[in-house]
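An overview of the molecular structure
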Amino acid sequence: MTATASENAACPRHPLDQDAAGVNRPGLYPNEMYHRIRETGTGVAEVIRPTGTGKLVTRYDDVKEVLRNQAVFSREAALDADDVGLEDTILGLDGERHAAVRNVVKALFTPRAVERHRSDVEMRAAARLKDMMGKGEPADLIEDFALPLALDTICDLLGLPQQDRARFRQWGEAFLAHTVVAGEEAQASSAAMAGYLAGLIEQRRQRPEPDLLGRIAVAGADLPAAQQIMLPIALVLGGWETTASSIGTFVQVLLTHPYEGYETAYAYLIDHPEMIPAAVTELTRMFSTTGADAMPRRVMRRVTLPSGAELQPGEIVIPSVDAGSYDPRVFPDPHRMIFDRPYNHHLSFGHGPHHCLGRHLGHLEIVVALGLLTRELPRLRLAVPSEDIPRRTGHAIKGVATLPVTWT
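The following refers to the structure shown. As the structure is a computational prediction, the values presented were derived from the model and not from experiment. (Residues numbered from 1 in each chain as written. Predicted model: local features only at pLDDT ≥ 70, side-chain atom pairs only at ≥ 80, totals over all residues. Heavy atoms only, no water.)

Moving on, we come to the overall build of the protein chain. The secondary structure content of the protein chain amounts to 14 helices and 10 strands. A compact globule built from 408 residues would reach a C-alpha radius of gyration of about 22 Å, and the protein chain, at 21 Å, matches this within 12%. Dimensions of the protein chain, computed from the C-alpha atoms along their principal axes, are close to 60 × 60 × 40 Å. Within the protein chain, the fraction of its 408 residues that count as buried is 55%. Considering only contacts in the protein chain between residues 6 or more positions apart, those separated by 24 or more positions represent 70%. For the protein chain, the accessible surface area stands at approximately 17,000 Å², while carbon and sulfur atoms represent 53% of it. The positive charge centre, built from 42 side chains, and the negative charge centre, built from 52, are 3 Å apart in the protein chain. (Helix = DSSP H or I, 4+ residues; strand = E, 2+ residues; numbered from the N terminus. Rg over C-alpha atoms; globule rule 2.2 N^0.38 Å. Buried < 20%, exposed > 50% of the residue type's maximum accessible area, 1.4 Å probe, protein only. Contact = heavy atoms within 4.5 Å. Areas by Shrake-Rupley, 256 points an atom, 1.4 Å probe, with all protein chains shown as cover. Lys, Arg positive; Asp, Glu negative; His and termini not counted. Charge placed at Lys NZ, Arg CZ, Asp CG, Glu CD.)

Structure follows, in structure tokens:
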């Protein structure tokens, strides 16, 4: 049976970190309520959302099933329950329509294709670190390093002109904010981005270039115009905000958590640089900066989840990747940071047809960033108490808003 509201003491509001004013304020760690729900009944609980009620799914196997099975759990049919407008994006399509958009660019995001960009990412990271250090201390690791690194990486791949990137960033911030920025402003930003990209895609169609926009213009020529335009929007926003937020969040964690006898995990990685890729995987499991709960789906027919929970046609389900990635049935001692965890197929990048297209690129950027920081700034430390570091609120991407650091 599905865990009911009464079984969970009360029907919680979703997102689970809302304050009295309805602003979502996620902390560094997943809300404890996720763990209580996961270990109650089937781990499926009814929650109250701004657009109605839904079923929050928290166990690893259940979350994977919801993410995997598009025929039963439809993204397109749940667009009316989204926090941000995702119509016509790769994140809001099912089946053949989703595959048609994804196939245009997926070959450019394979592990082998991404590895070819390693030297470029390393050069960008080194240049941004030099710029940050040149400004003096304290510096904001987000604004002065992580954001420009992530934005330049995806914008260079797409072929967005350098002079337009600051404007694109402003549009993206408004697009992703769902309780801080008025809906009208978010819609205006979306329209501005769409108009701008439509112009660039048409330019590439007339004068092809060997970049992602050129590939979209040519290989995606048969897609509806709206899907052509929304594809680079999804790539930029997904490949920039989440990566930058992850770099900042992971550095905060590394500088404030002991590890394997070292005062900090950062100090451990200085002495064990070969562990950085595995450390990034574990940090991604524990401190994902994507929304705690993946985009909602609508149930298309009666179904029983692996936990035994029964769902009915028309119900909204919210697969919680955060809760699933802490499931002790899959991750022993899930609250403990274990860089060499033997099985770490976490859900922070999703699963199934909608798994994150840019996950390999994001992983590479974070590995490069942490490798550079631990090598060049062995005395890096927070410039303010960890509890005073502000976090994003009312935003589709979690993480620190700023990260003041010093290094001498």
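Attention shifts here to the packing of aromatic side chains. Overall, the coordinates contain 10 aromatic pairs when judged by the stated rule. Their ring planes at 45° and their centres at 6.0 Å tell us that Tyr268 and Phe339 sit as a pair that is tilted. Remark: Phe339 occurs in the loop between helix H13 (321–324) and helix H14 (359–376) and Tyr268 occurs in helix H11 (residues 265–271); sequence separation between them is 71 residues. Accessibility assignment for this pair places Tyr268 and Phe339 in one class, buried. Through a chain of ring-to-ring contacts, the aromatic side chains of Tyr259, Tyr262, Tyr268 and Phe339 assemble into a single cluster. (Phe/Tyr/Trp six-rings, centres within 6.5 Å; stacked < 30°, edge-to-face > 60°.)

Bringing the sheet that holds strand S9 (residues 381–382) into the picture now. The strands making up a sheet are joined through hydrogen bonds of the backbone, oriented either antiparallel or parallel. Taken in spatial order, the three strands of this open sheet run S4-S10-S9, and their pairing is antiparallel. In the strand order of this sheet, the two ends are held by strand S4 (139–140) and S9, each with one partner. (Pairing = 2+ DSSP bridges.)

Moving on to the side chain of Ser320. Its place among the elements puts Ser320 in the loop between strand S8 (316–319) and H13. If we skip the residues at most four places from it in the chain, Ser320 touches Tyr34, Leu56, Val57, Thr58, Val63, Ala292 and Asp293.

All right, on to the packing of helix H12 (residues 276–286) against H14 then. Taken N-terminus to C-terminus, the directions of H12 and H14 make an angle of 120°; their axes are 9 Å apart at the nearest point. One way to sum up the angle between H12 and H14 is to call them oblique. Crossing geometry of H12 relative to H14 is assigned as right-handed. Contacts between H12 and H14 involve Ile276, Pro277, Val280 and Thr281 on the former and, on the latter, His363, Ile366, Val367, Leu370, Gly371 and Thr374. Of the residues that constitute the contact of H12 with H14, the class distribution is six nonpolar, four polar and no charged. (Axes fitted to C-alpha atoms, helices over the stretch in contact; angles between N-to-C directions. Parallel < 35°, antiparallel > 145°, perpendicular 65-115°, else oblique. Left-handed = near helix turned anticlockwise from the far one by under 90°. Nonpolar A, V, L, I, M, F, W, Y, C, P; charged D, E, K, R; others polar.)

Three or more residues of helix H2 (residues 60–68) are buried, namely Tyr60, Asp62, Val63, Glu65, Val66 and Leu67. In this fold, the buried residues of H2 make contact with strand S1 (44–49), strand S2 (52–57), strand S3 (73–74), strand S5 (297–299), S8 and H13.

With six bridges connecting them, S1 and S2 associate as antiparallel partners. Paired with Glu46 across the two strands is Lys55, which belongs to S2. Across three bridges, the pairing between S2 and S8 is parallel. Bridge pairing in S8 places Lys55 opposite Val317.

It is worth spelling out helix H9 (residues 212–219) at this point. Those residues of H9 not exposed but buried are Leu212, Leu213, Gly214, Ile216 and Ala217. The N-cap residue of H9 is Asp211: its side-chain oxygen and the backbone nitrogen of Leu213 are 3.4 Å apart. (Polar contact = N/O pair within 3.5 Å; in protein donor to acceptor, adjacent residues only side chain to side chain.)

So, on to the nonpolar core. Membership of the largest hydrophobic core comes to 89 residues, with the highest contact counts inside it found for Phe145, Leu158, Leu160, Leu197, Met337, Phe339 and Leu403. For this core, the leading source of residues is helix H10 (residues 225–256), giving 16 residues. Not counting residues up to four positions away in its chain, the partners in contact with Leu197 are Leu160, Phe168, Leu213, Ile229, Pro232 and Ile233. If you look at the next biggest cluster of nonpolar residues, it comprises 19 residues, including Tyr60, Val299, Leu311 and Leu347. (Core = buried A, V, L, I, M, F, W, Y, C linked by side-chain atoms within 4.5 Å.)

For the rest of this paragraph, the subject is the pattern of salt bridges. For side chains of opposite charge, pairing can occur when their charged atoms come near one another. Inspection of every chain in the model, using the stated rule, returns 26 salt bridges. Between Arg169 and Glu143 there is a salt bridge, with the nearest N and O atoms lying 2.8 Å from each other. Highlighted residues: Arg169 in helix H7 (residues 165–176) and Glu143 in helix H6 (residues 141–158), separated in sequence by 26 residues. Taking the relative accessible area as the measure of exposure, Arg169 reaches 23% and is therefore partly exposed. Taking the relative accessible area as the measure of exposure, Glu143 reaches 38% and is therefore partly exposed. With its nearest N and O atoms 3.7 Å apart, the salt bridge here joins Glu376 to Arg375. (Salt bridge = Lys/Arg side-chain N within 4 Å of Asp/Glu carboxyl O.)

Their axes nearest at 10 Å, the elements H9 and H10 cross at an angle of 155°. Judged by the angle between their axes, H9 and H10 are roughly antiparallel. Like other packed secondary-structure pairs, H9 and H10 cross with a definite hand, here right-handed. In this structure, H9 uses Leu212, Leu213 and Ile216 to contact H10, whose residues at the interface are Gln228, Leu231, Pro232 and Leu235. A per-class count over the contact of H9 with H10 returns six nonpolar, one polar and no charged.

No statement about biological role is implied by the geometric values presented.
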